[in-house]
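# Tertiary structure, described
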Protein chains: 2
Amino acid sequence: MRQIFLDTVSLERAGELLFARLDSLNMQRLPQERVRVVDAQDRITAEPVFAKYSSPFYHSAAMDGYAVRYTDTFTASETTPCLLEIGRDALYVDTGDPMPEGFNAVVMIEDANLVHGSKTASGRTLIEIYHSAPPYQHVRTIGEDIVATELIVPEGHRIRPIDIGALLASGHLEVAVRKRPVVAVLPTGTELIDPEMLRERPPAPPEIIEYNTAVIGGMARELGAEAVRFPIVRDDLDAIKEVLLRAVETADLVLINAGSGRGSEDYTLAAIQELGEAIIHGVSIKPGKPVIIGFIRNKTVVGVPGYPVSAYLTFKLFVRPVIERLLGIAAEEGERITALLARQVASPLGVDEFIRVKVGSVDGTFVATPVGRGAGLMMSLVRADGIVRIPAGSEGARAGSEVEVELMRSRDEVRNTIVCIGSHDNTLDILANIIKKNHPNYSLSSAHVGSLGGLMALKKGEAHLAGTHLLDEQTGEYNISYIKRLFPDRRMVLVNLVHRQQGLLVRKGNPKGIQGFEDLVRDDVMFINRQSGSGTRLLLDRHLRELNINPFMIKGYDKEEYTHMSVASAVLTGLADTGLAVLSSAKALDLDFIPVARERYDLAIPREFMDEEKVGIVLSAIRENGEFKGLVQSLGGYDIGDMGKVMYEG
Amino acid sequence: MRQIFLDTVSLERAGELLFARLDSLNMQRLPQERVRVVDAQDRITAEPVFAKYSSPFYHSAAMDGYAVRYTDTFTASETTPCLLEIGRDALYVDTGDPMPEGFNAVVMIEDANLVHGSKTASGRTLIEIYHSAPPYQHVRTIGEDIVATELIVPEGHRIRPIDIGALLASGHLEVAVRKRPVVAVLPTGTELIDPEMLRERPPAPPEIIEYNTAVIGGMARELGAEAVRFPIVRDDLDAIKEVLLRAVETADLVLINAGSGRGSEDYTLAAIQELGEAIIHGVSIKPGKPVIIGFIRNKTVVGVPGYPVSAYLTFKLFVRPVIERLLGIAAEEGERITALLARQVASPLGVDEFIRVKVGSVDGTFVATPVGRGAGLMMSLVRADGIVRIPAGSEGARAGSEVEVELMRSRDEVRNTIVCIGSHDNTLDILANIIKKNHPNYSLSSAHVGSLGGLMALKKGEAHLAGTHLLDEQTGEYNISYIKRLFPDRRMVLVNLVHRQQGLLVRKGNPKGIQGFEDLVRDDVMFINRQSGSGTRLLLDRHLRELNINPFMIKGYDKEEYTHMSVASAVLTGLADTGLAVLSSAKALDLDFIPVARERYDLAIPREFMDEEKVGIVLSAIRENGEFKGLVQSLGGYDIGDMGKVMYEG
């Protein structure tokens with residue numbers, strides 16, 4: 001295996017290297033092909049197109065009336081109208097009719113007075129005209145819209161429906177467009193299974209469902225390329241070389257997914273180097289560092305890293321520009337906005353880091369909240385509203401600092417997002433879906449940072465509402481005392497969403513025989529905790545205090561999850577034996593449940609937002625929409641008796 | 001013919017009427033269909049999709065090293081390492097390997113010390129570990145990315161490539177999506193010919209090339225609908241009724257193009273009223289007033305006006321919302337910017353007028369210049385960068401006032417537009433095309449307002465450069481004295497583009513025997529003029545003065561065109577017998593040419609823009625790009641000896 005490792009380069013340097021090489025290959029443009037104009041939507045013109053015919057291509061009447069020779073009307077005035085013979089000096093025309101030969105103005109029907117009973121020697125009727133007509137009055141002249149030979153669309157232009165109209169109008173039935181680049185997408189990895197296998201059986205370890213090529217293939221298609229996915233190749237140098245050779249024969253660009261690292265089973269670099277040349281291996285970006293860029297037989301080959309977020313990002317940074325170059329089109333960047341960063345982000349010096357963020361518009365200000373940063377977290381990308389770049393020269397960004405966000409949704413969508421930050425409850429997913437369905441312009445985005453975190457987000461103006469279930473041990477009341485303490489100067493409203501059951505989740509049949517909190521200290525019991533600041537964590541800690549249990553005696557107390565469902569999943573999969581969560585999460589994953597407490601889960605809303613349309617949509621969904629109530633009840637474990645009721649108004 | 005005319009309504013009222021009716025029809029959503037996830041890009045989900053499987057669906061090593069039971073490592077410390085037997089207490093794992101049953105942490109290979117020569121009774125090798133491993137250290141746990149049952153995408157969501165990835169990862173091979181709405185597009189009009197006819201012969205009066213349905217069908221496709229174009233139907237009530245009935249049977253929405261007015265050959269209203277009901281006929285918008293909205297068998301039928309700009313606009317205002325409603329998706333509006341209006345726009349009170357504008361970014365400010373306003377000017381739409389709405393309550397907008405522009409190109413494209421306002425020359429089209437080809441990110445937009453108008457635009461900060469050929473009669477010099485007078489306080493540069501021949505254009509063979517300006521006063525000679533302020537007009541007027549010719553003796557002197565090509569077209573088509581224009585325009589349309597003057601055509605550029613990238617691109621195209629020079633020479637009539645030379649710098 002011939003393999004020469006290259007030094008990691010900066011993002012900027014990687015771009016220079018790639019483009020210098022593309023320039024030297026003169027791989028600027030793809031060959032052209034002629035397609036029917038009516039099929040050319042979204043294709044890129046390969047040549048400028050000039051009008052064959054003028055439009056209109058004949059003079060025509062622009063009004064209903066009489067076509068006249070304007071010279072005949074020179075003498076007309078209010079006092080001495082000029083008389084014209086219909087059929088000789090004046091011909092009736094409807095709007096759109098071609099002007100009769102030799103006629104060069106139109107007198108509107110209402111400006112011509114029929115002389116009743118008049119007949120000339122030749123038997124013609126007369127009309128009187130009181131105003132002289134300037135040349136070409138009310139005539140739609142040749143070339144008014146398009147003059148033959150004028151430029152309709154330049155080269156390198158993406159054809160829109162209106163361009164199709166202008167091309168047809170000017171006499172074009174075919175148009176020369178750039179060929180679609182063919183992008184070969186090669187999945188490699190011994191553990192990968194084709195998703196189609198799932199039709200027969202569920203996946204089993206050590207299998208990995210192969211989905212990256214569907215993502216990067218789809219991204220290539222979005223740019224106007226044709227993506228060809230190859231079958232999965234196992235981790236074997238010869239097999240990889242063989243498929244690479246086949247790919248470069250037919251494709252304009254080859255993407256080989258995974259195996260781009262430096263591990264013992266990573267063959268991408270060796271395969272490229274044995275068949276051609278690698279110019280880049282490793283770029284100081286995060287995620288996406290182990291990207292490879294090489295050339296085989298003058299075709300660009302990109303070794304796309306295996307983690308899904310790395311694959312997405314390296315596509316945007318390195319694959320997209322190559323496709324744009326092949327098509328000769330401008331690099332179109334996503335919409336950018338300036339937002340306030342909701343919390344601090346640390347990032348290593350010397351690395352361009354790309355942080356996924358949720359963005360909301362609260363009280364007119366865009367707020368960007370970082371979401372999960374792991375390169376393996378596909379859902380963090382699915383849920384993200386945009387991406388923030390932390391440049392290599394910086395060690396991060398402070399909370400509250402201004403950052404530039406490249407949006408993944410439109411500005412309007414972001415503006416119409418109802419931002420709910422706080423405690424997690426499964427009913428929020430249902431609420432989000434019902435809002436999307438009934439108000440397609442709006443969406444509910446919920447971030448799970450625990451009850452206290454949600455109230456802090458409200459305080460900082462980062463959210464419209466916060467889900468909260470904080471028990472005051474003194475009063476036995478939920479939420480109110482916290483609101484009063486945290487918002488001494490701000491009018492707040494608490495609207496109940498549900499009452500819900502919290503309890504210990506255990507696997508079906510309770511194999512470890514867990515009965516209550518006392519069992520958590522057992523040697524054979526692994527616990528899974530919720531993060532500090534969450535209402536569920538407070539509930540646990542209160543019970544432990546009451547029972548005089550030292551948390552540090554509990555194995556797994558320091559392992560924290562952020563949602564009820566993650567806790568349930570940990571129990572289901574054996575990561576833990578038990579954890580504290582709501583009944584609905586037990587029902588969702590078919591776990592057994594040991595009830596511990598019934599608690600009140602409210603939405604905290606600043607008073608001034610209560611009249612905003614966004615909050616109004618939430619309130620009407622939980623108050624009036626029977627669908628939501630029905631779905632919540634079907635989850636089980638919820639009491640909806642107070643749903644939508646104002647529990648407190650300060 | 002049963003026909004009840006309806007009152008024209010306001011735009012706002014039209015929207016209310018349309019949506020109220022759609023609501024009452026409960027025509028909210030289309031039925032769903034299941035498609036393969038890999039084919040679902042850009043489709044709209046018909047249901048929320050929840051994860052079937054977690055991802056990852058098994059615990060796996062996140063590092064190369066040894067899988068251990070973390071409880072075995074509790075006592076480990078620097079001083080008293082814990083000893084583990086490989087094969088029993090510690091199992092080697094590569095990154096990505098499933099965790100062996102019962103093992104719950106990974107110790108990195110570099111943190112485990114192989115005890116050489118050590119062998120236990122069972123013959124196993126030992127490793128030493130110096131730090132206790134917390135639970136699930138270096139383990140990628142089940143559901144880290146996706147927890148089974150969690151929401152992947154909500155209902156009404158447009159599926160992106162990353163969503164396809166998440167759907168596959170969570171075990172979905174099919175997804176329920178909304179059916180694509182079928183939009184029937186019906187062209188009507190006795191004079192219409194199918195563009196395909198042009199394969200056999202050029203069009204002849206009174207024919208009209210039918211292209212509107214390609215535009216509105218393409219716009220429907222852009223939104224995710226399926227557009228079905230019907231054959232052309234003549235203006236005949238029964239024929240129209242027959243095709244309407246066929247269309248509503250198969251389509252979800254019917255667009256019938258033209259015949260929506262109140263003329264004697266307009267049958268759309270009658271056809272809709274005889275088969276169903278029209279709820280709107282006439283909306284006080286400009287263009288697009290004669291739009292019809294009706295319902296036949298509960299299907300929406302829109303009578304789209306015949307002028308191309310009216311068709312485009314009524315689609316955006318009335319058709320698009322219906323398609324969005326059928327798909328249950330949000331109304332996505334184009335990007336909006338605030339710009340300064342370059343010139344005053346008057347607009348009738350009580351009418352919502354939509355003005356097409358060119359937009360440029362000059363010195364950091366967006367400037368919007370209105371372009372042609374006729375409803376028949378398709379090219380004004382093709383060339384526009386955006387649309388400004390002049391609301392019904394206003395009589396227009398002042399020059400220099402702030403207006404909101406809905407962009408038809410991206411903000412980046414607008415920002416990268418080089419704005420050239422001034423005299424027209426055919427070489428500017430070629431320059432625009434070469435710039436687009438070599439710098440896909442940039443484009444040159446030229447607006448033709450004459451030499452003086454261009455200099456005024458520079459003065460007002462509306463352009464980067466202006467084409468100018470203004471002769472000073474005193475000095476015989478071009479441009480310089482005008483620049484000095486108009487820009488007393490600003491440093492300006494004149495860069496030569498070409499020297500060119502101006503002359504009188506006449507039809508091939510000079511049928512009227514025109515020899516020079518003296519012939520313009522002949523009774524049988526019709527002239528076509530250029531607009532005041534253009535250099536060509538000044539040239540004409542100077543010659544007329546020298547020859548003592550009274551302009552008012554010239555027929556057609558008051559008929560003005562804005563470009564050389566329009567003058568040439570007028571002569572070619574018999575609109576005029578002669579006009580003054582450059583030699584290249586005569587060559588383009590194969591006209592004869594009587595030379596009158598050789599003149600210098602320069603680009604005037606404010607000194608401070610000379611170092612801007614945008615202007616640099618223009619200069620390098622005319623100075624260094626042999627392609628441009630070659631193409632200009634091939635036009636004929638140009639002297640490129642001074643091309644790119646600085647003629648003056650003040």
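Residues numbered from 1 in each chain as written. Chains lettered and ligands numbered in written order. Predicted model: local features only at pLDDT ≥ 70, side-chain atom pairs only at ≥ 80, totals over all residues. Heavy atoms only, no water.

## Section: the overall build of chain A
Rules: By the criteria applied, helices consist of DSSP H or I runs no shorter than four residues and strands consist of E runs no shorter than two, each listed in order from the N terminus. Pairs of residues are marked as contacts when any of their non-hydrogen atoms sit within 4.5 Å. The charge count treats Lys and Arg as positive and Asp and Glu as negative. His and the chain ends do not count. The location of each charge is read from NZ of Lys, CZ of Arg, CG of Asp or CD of Glu.
When helices and strands are counted, chain A shows 16 helices and 38 strands. When its C-alpha atoms are laid out on the principal axes, chain A stretches across 125 × 70 × 50 Å. Across chain A, every contact between residues at least 6 apart in sequence was considered, and the portion connecting residues at least 24 apart equals 77%. Averaged over its 71 positive side-chain charges, chain A has a centre that lies 4 Å from the centre of its 87 negative ones.

## Here's the deal with the pairing of strand S35 (residues 578-582) of chain B
Residues and elements named next belong to chain B. What counts, and what does not: Burial classes: relative accessible area under 20% of the type maximum marks a residue as buried, over 50% as exposed, and values in between as partly exposed (1.4 Å probe, protein chains only). Two strands qualify as a pair provided that DSSP identifies no fewer than 2 bridges between them.
By the criterion of burial, S35 is predominantly enclosed, with five of the five residues buried. Here strand S32 (residues 492-506) pairs with S35 via five bridges, running antiparallel. Across the sheet, Gln502 pairs through a bridge with Val582, a residue of S35. Relative to S35, strand S33 (residues 527-530) is paired through two bridges, and the arrangement is parallel. By the bridge assignment for S35, Ile528 is matched with Gly579.

## Brief notes about the interface of chain B and chain A
This is how the line gets drawn: The quantity reported as buried area is the accessible area (1.4 Å probe) lost by two parts once they are put together, taken as the sum for both. Just to be clear on terms, a salt bridge is a Lys or Arg side-chain nitrogen sitting within 4 Å of an Asp or Glu carboxyl oxygen. Whenever two N or O atoms come within 3.5 Å, that pair is a polar contact, provided that in protein one can donate a hydrogen and the other can accept it, and provided that, for residues adjacent in sequence, both atoms are side-chain atoms. All amino acids are sorted into three groups, where Ala, Val, Leu, Ile, Met, Phe, Trp, Tyr, Cys and Pro are nonpolar, Asp, Glu, Lys and Arg are charged, and the leftover types, Gly among them, are polar.
Facing 105 residues of chain B, the contacting portion of chain A comprises 103 residues. Buried area between chain B and chain A, summed over both chains or domains, comes out near 9000 Å², and the portion from carbon and sulfur atoms is 60%. The tally of links from chain B across to chain A stands at eight salt bridges. Salt-bridge contacts for Lys437 of chain B lead to Glu155 of chain A; the nearest nitrogen and oxygen are separated by 4.0 Å. Here chain B and chain A share 24 residue pairs in polar contact (both at pLDDT 80 or more) between them. Broken down by element, the side of chain B that touches chain A gets its largest block of residues, eight residues, from helix H2 (residues 161-169) of chain B. Looking at side-chain class alone, the side of chain B that touches chain A contains 54 nonpolar, 20 polar and 31 charged residues.

## Focus: the side chain of Thr468 of chain B
Residues and elements named next belong to chain B. Within the element layout of this structure, Thr468 appears in strand S31 (residues 466-468). Its relative accessible area of 1% is what places Thr468 among the buried residues. Engagement of the side chain of Thr468 in a polar contact is seen with the side chain of Asn479, the distance being 3.1 Å.

## Let's talk about the relation of the copies chain B and chain A
What relates the two chain copies is a rotation about an axis together with a slide along it. This is how it is decided: When the copies are superposed, the least-squares fit draws on C-alpha atoms of residues that have pLDDT of at least 70 in both.
For the pair chain B and chain A, the superposition axis carries a translation of 0.0 Å, the fit reaches an RMSD of 0.2 Å, and the rotation angle comes to 180°. As the rotation angle and translation indicate, the two copies are arranged about a two-fold axis. Identified as the residue of chain B closest to the rotation axis by C-alpha distance is Glu335 of chain B, at 4.4 Å. Mapped onto chain A, 98% of the interface residues of chain B are again interface residues, and the two copies thus contact each other with one and the same surface.

## Quick look at the confidence of the model for chain A
Detailed reading of the predicted coordinates is not advisable wherever pLDDT falls low. To keep it simple, the criterion reads: The predictor reports its confidence for every residue as pLDDT, a score running from 0 up to 100.
Here chain A shows a mean pLDDT of 92. Residues at 70 or above account for 99%. Across the interface, the model reports ipTM at 0.89; the global pTM reads 0.89.

## Comments concerning helix H10 (residues 450-459) of chain A
Among all positions in H10 of chain A, only Gly450, Ser451, Gly454, Leu455, Ala457 and Leu458 of chain A are buried. The positive-phi residue at the C-terminal boundary of H10 of chain A is Gly461 of chain A, with phi of around 75°.

## Some points on the domain arrangement of chain A
Convention followed: The split into domains, and so the bounds of each, comes from an automatic or database assignment of domains.
Domain annotation of chain A identifies domain 1 (11-28 + 181-327), domain 2 (32-56 + 144-178), domain 3 (60-140), domain 4 (337-409) and domain 5 (466-649). For domain 1 of chain A and domain 5 of chain A, the distance between their C-alpha centroids amounts to 44 Å.

## What to know about the UniProt feature "domain: MoaB/Mog" (unreviewed entry) in chain A
Here is the rule: UniProt positions are given in the numbering used here, feature names are shortened, and annotations may be inferred rather than shown by experiment.
Within this structure's numbering, the places UniProt gives as "domain: MoaB/Mog" (unreviewed entry) are residues 184-325 of chain A. Between the end C-alpha atoms of residues 184-325 of chain A there is a gap of 17 Å, over a span that is 36% helix and 25% strand.

## Digging into the side chain of Thr536 of chain B
You can see Thr536 of chain B is positioned in helix H12 (residues 535-546). Those residues in contact with Thr536 of chain B that sit more than four places away from it in its chain are His469, Arg500, Gln502, Arg530, His564 and Leu580 of chain B.

## Quick look at the pattern of salt bridges
Within the structure shown, the criterion is met by 108 salt bridges over all chains. Note that Lys508 of chain A and Asp592 of chain A form a salt bridge whose closest N and O atoms lie 3.7 Å from each other. Separated by 84 residues along the polypeptide, Lys508 of chain A in the loop between strand S32 (492-506) and strand S33 (527-530) and Asp592 of chain A in strand S36 (residues 592-606) bring together distant segments of the chain. Notably, a salt bridge pairs Arg160 of chain B with Asp163 of chain B, separated by 3.0 Å at the nearest N-O pair. Several salt bridges share partner residues, and in doing so they unite Arg69, Asp72, Glu85, Arg88, Asp89 and Arg124 of chain A into one network.

## Some words on the packing of aromatic side chains
Definition in use: Working definition: rings of Phe, Tyr and Trp (its six-membered ring) pair if their centres are within 6.5 Å, and the pair is stacked with planes under 30 degrees apart, edge-to-face with planes over 60 apart, and tilted otherwise. Look at NZ for Lys and CZ for Arg. If either is within 6 Å of the ring centre and within 35 degrees of the ring normal, a charge sits over the ring.
Applying the stated criterion across every chain, the model contains eight aromatic pairs over all chains. Between Tyr70 of chain B and Phe74 of chain B, the ring centres sit 5.6 Å apart and the planes meet at 65°, which makes this aromatic pair edge-to-face. Classification of Phe74 of chain B by relative accessible area gives partly exposed; the value is 49%. Arg69 of chain A extends its terminal NZ or CZ atom over the ring of Phe103 of chain A, reaching a point 4.4 Å from the ring centre.

## Topic: the sheet that holds strand S8 (residues 112-115) of chain B
Residue and element names in this part refer to chain B. Here is the rule: Angles here are taken between N-to-C directions and fall from 0 to 180 degrees, while the axes themselves are lines fitted to C-alpha atoms, restricted in helices to the stretch in contact.
Overall, antiparallel pairing links the three strands, which are arranged S5-S9-S8 in an open sheet. Edge strands, defined here as strands with exactly one partner in the open sheet, are strand S5 (82-85) and S8. Pairs of neighbouring strands in the sheet enclose a mean axial angle of 35°, with direction left out of account. Here S8 pairs with strand S9 (residues 126-129) via four bridges, running antiparallel. By the bridge assignment, Ala112 is partnered in S9 with Ile129.

## Section: unusual backbone geometry
Pro205 of chain A connects to Pro206 of chain A through a cis peptide bond whose omega is 5°. Cis geometry marks the peptide bond from Ser55 of chain B to Pro56 of chain B, where omega comes out at -10°. Inspection of the secondary structure assignment puts Pro56 of chain B in the loop between strand S2 (49-50) and strand S3 (60-61). The residue Thr149 of chain B is not glycine, and still its phi comes out positive at about 80°.

## Describing the environment of Pro187 of chain A
All names here are of chain A. Looking at the secondary structure, you find Pro187 in strand S13 (residues 182-187). Measuring from C-alpha to C-alpha, the distance between Pro187 and Gly503 comes to 44 Å, with 316 residues separating the pair along the chain. Ignoring sequence-local partners within four residues, the contact set of Pro187 consists of Leu192, Glu210, Thr213, Arg229, Phe230, Pro231, Ile232, Val233 and Asn257.

## So, the packing of helix H3 (residues 212-222) of chain B against helix H6 (residues 308-327) of chain B
All names here are of chain B. Heads up, the condition is: By definition in this entry, angles of less than 35 degrees are roughly parallel, angles greater than 145 are roughly antiparallel, angles of 65 to 115 are roughly perpendicular, and the rest are oblique. In this scheme the crossing of two helices becomes right-handed for a clockwise turn of the near helix relative to the far one and left-handed for an anticlockwise turn of less than a right angle.
Between H3 and H6, the shortest axis-to-axis distance is 10 Å and the interhelical angle comes to 30°. Considering their axes alone, H3 and H6 lie roughly parallel with respect to each other. Judged by the twist between their axes, the crossing of H3 over H6 is right-handed. Along its contact with H3, which presents Asn212, Ile216, Met219 and Ala220, the element H6 presents Pro308, Ala311, Tyr312, Phe315, Lys316 and Ile323.

## As for the sheet that holds strand S5 (residues 82-85) of chain A
Strand-to-strand pairing in sheets goes through backbone hydrogen bonds, with the strands running parallel or antiparallel. All names here are of chain A. Pairing within the open sheet is antiparallel, and its three strands lie in the order S5-S9-S8. Edge positions in the open sheet fall to S5 and strand S8 (112-115), since each of these has one partner strand only. Sheet twist, expressed as the average angle between the axes of neighbouring strands with direction ignored, equals 35°.

## A word on the environment of Ala278 of chain A
Residue and element names in this part refer to chain A. Mapping Ala278 onto the fold places it in strand S18 (residues 277-281). Spatially, the C-alpha atom of Ala278 lies 58 Å from that of Arg500, the residues being 222 residues apart in sequence. If near-sequence neighbours (up to four positions away) are discounted, Ala278 is found in contact with Leu6, Leu269, Ile272, Gln273, Ile292, Ile293 and Gly294.

## Focus on the environment of Gly616 of chain A
Assignment of secondary structure puts Gly616 of chain A in helix H15 (residues 613-623). In sequence terms Gly616 of chain A and Lys299 of chain A are 317 residues apart; their C-alpha atoms lie 55 Å from each other.

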